[in-house]
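Examining the three-dimensional arrangement
Listed here are the chains, written in short residue letters.
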Amino acid sequence: SDLNDEDFDTIGKNEINFYGVIYKSDNSLAVRQTLNERYIIRSYINDQSNTRISLPANEGDGVKGMAMVFGPVLFLIVIILIALLLSRMINSEQKLIGTFIALGYKKSEIIRHYAFYGLIPGLAGSAFGLILSIFFTKALSKFYIENDYEKINYTMHFSVPAVVAGIILPVLLYTLTTVFVTRSMLRKKVVLLLNHMDDLEIHHIAVLSHNYSL
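So, here is what we can say about the structure in this document. (Residues numbered from 1 in each chain as written. Predicted model: local features only at pLDDT ≥ 70, side-chain atom pairs only at ≥ 80, totals over all residues. Heavy atoms only, no water.)

**Considering the overall build of the chain**
If you tally the helices and strands in the chain, you get 8 helices and 0 strands. N-terminal to C-terminal, the α/β element order of the chain is α-α-α-α-α-α-α-α. Looking at the 214 residues of the chain, the share that counts as buried comes to 15%. By sequence separation, contacts in the chain at least 24 residues apart represent 71% of the contacts at least 6 residues apart. When the accessible area of the chain is evaluated, it comes to approximately 17,100 Å², of which 63% is carbon and sulfur surface. (Helix = DSSP H or I, 4+ residues; strand = E, 2+ residues; numbered from the N terminus. Buried < 20%, exposed > 50% of the residue type's maximum accessible area, 1.4 Å probe, protein only. Contact = heavy atoms within 4.5 Å. Areas by Shrake-Rupley, 256 points an atom, 1.4 Å probe, with all protein chains shown as cover.)

Here you go:
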């Protein structure tokens, strides 16, 4: 059907508009009174009662809470696993450590050498993880916000203390692990290191030799 002049004049007369107000101070009551004097407010909903606003905010708080709980736990688990791998790797190099001592290297030089085993992966892993976290955080934010709700303007902020801790803690713990394990290895006798043995194994061999001699 064609739109006549009478129908055209009625466009917008019964239209209901929705507006949003962002308060920079606690003057919502005064604003509502002023608007009601000049216009007619049919209904008013604050941001806490509006599910279009409160639901994304509540889910964001929930995701943040989970990240604050599970993030540090997973972080510590990964650090502990890598520290165990570093300690096993150094333990497997007993012969090499014994060779260094036999060749006249100082204990401080050997410790400094193996300290890089923890320093290098700590720095490289922290830098690589920090770069990946930027991309994964963007993807996770887009998944939770842009796909489930209407378009919401948001900005990402990274916690500076968390970033600093994520860089320093792995380097510190890996380096301390390698230094501690290397120091414990250097307390052994050179013969034990060269034969990849410990004091208990030497004791068993001595007992067996004594029994055979009897």
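Past the structure itself, the notes keep going.
**Some details on helix H6 (residues 160-186)**
Look at H6: 39 Å from first C-alpha to last across 27 residues, which is about the 39 Å you get at 1.5 Å a residue. When H6 is considered as a whole, its buried residues turn out to be Pro170, Val171, Tyr174, Thr175, Thr177, Thr178, Val181, Thr182, Met185 and Leu186. (Expected span 1.5 Å × (residues − 1).)

**A few points about helix H3 (residues 51-91)**
Since one α-helical turn is 3.6 residues long, residues separated by three or four positions face the same way. For H3, built from 41 residues, the straight-helix expectation of 60 Å at 1.5 Å per residue is met to within 8% by its first-to-last C-alpha distance of 59 Å. Of all the bends in H3, the largest measures some 25° and sits at phenylalanine 70, one to four residues before the proline proline 72. The complete set of buried residues in H3 reads Ser54, Pro56, Ile79, Ala83, Leu86, Ser87 and Ile90. (Bend = angle between axes of the 7 residues up to and from the residue.)

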